[in-house]
Amino acid sequence: MKAKKRKILLLPRAMFQRRLLEWFRKHRRELPWRASRDPYRIWVAEVMLQQTRIAAVIPYYDRFLARFATVESLAQARPQEVLKFWAGLGYYSRARNLHASAKKIVDDHGGEFPRELDAALALPGIGRYTAAAVLSIAYDAPLAVLDGNVARVLARLGAVRGDLRAPRRWQHLSEAADRLLARHAASDWNQGLMELGEIICMPQNPRCTECPVAQACRAFALKLVAKIPAPRRKRAPVKIQIAAAILRDPSGRTLLVKDPGAHDGVLFSRMWQFPAVEVKSDAAAELRAHLLATLRVETPSLEPLATARHGVTFRHITLLPFLARVPQLPKQPRARIVPLNRFASLPVSSATRKIAAAAPGSAQ
Ligand code: SF4
């Protein structure tokens, strides 16, 4: 005989739904993307919020929406301009996909974010979570969302132990999210669960005494809150050194390249960057050889500048900038010459900004 699945809640589902919805409608925070039900604005927010905290997203979001107020304006923009307004948020493939999706929405969907799940999933860079979030929040589509925040809340409610990202456990939580979904109010429901995870059922020190659904919560009843979710095993940090050359001509201009090497995908996100190389043993010698091989530039003197630290997930990166004064900058098809004192307006990654900050005469 098949074992009966344990119910996730200690309260009847309807009561649980009512309590969470009432709490959300009373306590919801005013966030810029909650000012309307415009799917475009909700979509941009959901993409920015992947990997980035709400407080950090808000200024970027406001600037982005001030420049690209509609999906049409985003679709028409030049890629470099989109990246410029994204610069600093990191994970630049998100901006590229957002831009590509905006074009598709304008070309194939008359400028309206698609209402069908399959059509939303066919847009570049949109996965199950983002599609469900946008469709439910904007259109009240009855689709449950499950991200790390919601998974933590559900795991505590049901006293689910172990690694939540383990495929079977995640599947179990996903099914629980579907069963609990308040189908008549999917927009408020999903936002309510996310909000609960953000401001009450936080990873550390959740505020159980203020929780509107504490009576439904098994972890609370069993005094297991501090043990759920189980801490994830972190990947061991990897130390990397990147040497970068700030070539500088007598007019204070420098050279940026699109370099497929030097951890391009992770560190510089395929954006304009200083010529750089991963250091094996001798930073200056390896950088000099790299400049000669890729740009045909001879740099007998490389002046070491202040180093900077940069972290990307498990990678602990030390940036080693070097200044090379050159009589003139080389002309290359995949290179760009820019004044160092106008760096602030360029679409570059934060690692490149840190390198530039070390150069005398740069402006950030
Ligand atoms: Fe989270 Fe505590 Fe509420 Fe349970 S009672 S859902 S652990 S805040």
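The structure presented is a predicted model; accordingly, all values stated were derived computationally and were not measured. (Residues numbered from 1 in each chain as written. Predicted model: local features only at pLDDT ≥ 70, side-chain atom pairs only at ≥ 80, totals over all residues. Heavy atoms only, no water.)

K.L.:
Whenever I open this one, the overall build of the chain confuses me. Can you help?
P.N.:
In terms of regular secondary structure, the chain is built from 15 helices and 7 strands. Taken along its principal axes, the extent of the C-alpha atoms in the chain is 75 × 45 × 40 Å. Here the chain holds 364 residues, and the buried ones make up 50% of them. Nonlocal contacts in the chain, meaning residues at least 24 apart in sequence, comprise 64% of its contacts between residues at least 6 apart. Total accessible area on the chain stands at roughly 18500 Å², and carbon and sulfur atoms take up 52% of it. (Helix = DSSP H or I, 4+ residues; strand = E, 2+ residues; numbered from the N terminus. Buried < 20%, exposed > 50% of the residue type's maximum accessible area, 1.4 Å probe, protein only. Contact = heavy atoms within 4.5 Å. Areas by Shrake-Rupley, 256 points an atom, 1.4 Å probe, with all protein chains shown as cover.)

K.L.:
Mind showing me how you'd approach the packing of helix α2 (residues 39-49) against helix α6 (residues 93-109) here?
P.N.:
In a pair of packed helices, the angle between the axes and the distance between the axes together describe the arrangement. Contact pair α2 / α6: the axes reach a minimum separation of 10 Å and the direction vectors enclose 160°. Accordingly, the angle class assigned to the pair α2 and α6 is roughly antiparallel. Crossing of α2 over α6 shows right-handed handedness. Mapping the contact onto sequence places W43, V44, V47 and M48 in α2 and R94, L98, S101, A102 and I105 in α6. When grouped by side-chain class, the residues that make up the contact of α2 with α6 number 7 nonpolar, 1 polar and 1 charged. (Axes fitted to C-alpha atoms, helices over the stretch in contact; angles between N-to-C directions. Parallel < 35°, antiparallel > 145°, perpendicular 65-115°, else oblique. Left-handed = near helix turned anticlockwise from the far one by under 90°. Nonpolar A, V, L, I, M, F, W, Y, C, P; charged D, E, K, R; others polar.)

K.L.:
For this particular structure, what's the right way to read the side chain of N190?
P.N.:
By the element assignment, N190 lies in helix α11 (residues 186-199). Given a relative accessible area of 1%, N190 falls into the buried group. Once residues lying within four places of it in the same chain are set aside, the contact partners of N190 are S136, L143, A144, V145 and L181.

K.L.:
What is the right way to look at the site of the ligand in this model?
P.N.:
Taken together, R156, L157, I200, C201, C208, C211, A214, C217, F220 and V225 make up the full set of residues near the ligand. When each cavity is represented as a set of grid points, the ligand is found to reside in the largest cavity. Of the residues assigned to the shell around the ligand, the class counts are 9 nonpolar, no polar and 1 charged. (Near = heavy atom within 4 Å. 1 Å grid on protein atoms, 1.4 Å probe; cavity = no way out; pocket = protein on both sides within 12 Å on 5 of 7 lines; lining within 4 Å. Sits in = over half its atoms within 2 Å of the grid points.)

K.L.:
Where do I start with the packing of aromatic side chains in this structure?
P.N.:
Aromatic rings considered in pairs are described by the distance between their centres and by the relative angle of their planes. Summed over all chains, the structure comprises 7 aromatic pairs. Where Y40 meets W43, the ring centres are 6.2 Å apart and the plane angle is 65°; that geometry is what we call edge-to-face. Residue Y40 and its partner W43 are both found in helix α2; the two are separated by 3 residues, about one turn of the helix. Residue Y40 shares its accessibility class with W43, and that shared class is buried. An aromatic cluster is built from F64, F68, F85 and W86, whose rings are joined through pairwise contacts. A cation over a ring is seen here: R115 above Y139, with NZ or CZ 4.0 Å from the ring centre. (Phe/Tyr/Trp six-rings, centres within 6.5 Å; stacked < 30°, edge-to-face > 60°. Lys NZ or Arg CZ within 6 Å of the ring centre and 35° of its normal.)

K.L.:
I'm lost on empty space enclosed by the protein in this one. Help?
P.N.:
Space left empty within the atom packing is revealed by a probe, the size of a water molecule, rolled over the atoms. In the structure shown here, the tally under the stated rule is 1 cavity of 30 Å³ or more. Counting residues per element, the lining of the largest cavity draws most heavily on helix α9 (residues 148-157), at 3 residues. In the lining of the largest cavity, the residues fall into 13 nonpolar, no polar and 1 charged. (Points joined across faces, edges and corners; volume = space filled by probe spheres on them.)

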